[in-house]
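Residue strings, one per chain:
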Amino acid sequence: LAYQLDRFDQMPIVLQEELLKATIEDLDTQVSGVKDMVRAWSSGDLATIEKLTLTAFLESPELYRLLLLERNHNWIPHVERCLSERAACFVVVGAAHLVGKDGLPALLAKKGYKVTQQ
């Protein structure tokens, strides 16, 4: 939680304000978006999940870097450590972390892991 809050704290105040306003304005859309994401995930439609989660980041590369890119790269060593222990691993992330060229599955695949959606 502290790391997540720090990500927001590291943003310029103007970006923080824009993000807060956009979140408040889009609350109804976000609720229906979750339902769309669940349907897309259940059917293996990663393109729809990517569209639903990453489109907003196209407008703000800084937000993308702070909230997705850095976090995904920071998580890779932890996931690899868990995988190396040959124990059951349970990793919980938001949907945006699972899609795109910088998503966790893509980063793990680049490191030679076989990644499958279930």
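See above for the structure.
Being a predicted model, the structure only gives us computed values, none of them experimental. (Residues numbered from 1 in each chain as written. Predicted model: local features only at pLDDT ≥ 70, side-chain atom pairs only at ≥ 80, totals over all residues. Heavy atoms only, no water.)

**Q** In this structure, what is going on with the packing of aromatic side chains? I would like to understand it.
**A** Two aromatic rings are characterised by how far apart their centres lie and by the angle between their planes. The full count for this structure, using the stated rule, is 1 aromatic pair. Centroid distance F57 to Y64: 6.0 Å. Interplanar angle 70°. Geometry classified as edge-to-face. (Phe/Tyr/Trp six-rings, centres within 6.5 Å; stacked < 30°, edge-to-face > 60°.)

**Q** Would you take a moment to explain the state of the cysteines for this structure?
**A** Cysteine pairs can be covalently joined through their sulfur atoms, and such a bond is termed a disulfide. Tallied over the full model, the rule gives 1 disulfide. Paired through a disulfide, C82 and C89 show a sulfur-sulfur distance of 1.9 Å. Measuring handedness by torsion sign, the sulfur bridge of C82 and C89 sits at about -120° and is left-handed. (Disulfide = S-S within 2.5 Å.)

**Q** Mind showing me how you'd approach helix α4 (residues 46-54) here?
**A** One full turn of an α-helix is made of 3.6 residues, so residues set three or four places apart face in the same direction. Of the residues making up α4, those classed as buried are I49, T53 and L54. Across the axial projection of α4, the buried residues extend over an arc of 95°, all falling on one side. Away from its buried face, by an angle of more than 90 degrees, α4 presents the exposed residues A47 and K51. (Buried < 20%, exposed > 50% of the residue type's maximum accessible area, 1.4 Å probe, protein only. Helix = DSSP H or I, 4+ residues; strand = E, 2+ residues; numbered from the N terminus. Arc of directions from axis to C-beta.)

**Q** Honestly, the layout of surface pockets in this entry has me stumped. Any pointers?
**A** As a volume, the second largest pocket reaches approximately 850 Å³. Mapped by element, the contributors of at least two residues to the lining of the second largest pocket are α4, α5 (61-84) and α6 (104-110). Examining the composition of the lining of the second largest pocket, we find that 4 residues originate from one element, α6, more than from any other. Considered class by class, the residues forming the lining of the second largest pocket number 20 nonpolar, 5 polar and 2 charged. (1 Å grid on protein atoms, 1.4 Å probe; cavity = no way out; pocket = protein on both sides within 12 Å on 5 of 7 lines; lining within 4 Å. Points joined across faces, edges and corners; volume = space filled by probe spheres on them. Nonpolar A, V, L, I, M, F, W, Y, C, P; charged D, E, K, R; others polar.)

Treat this as a map of the structure, not an account of what it does.
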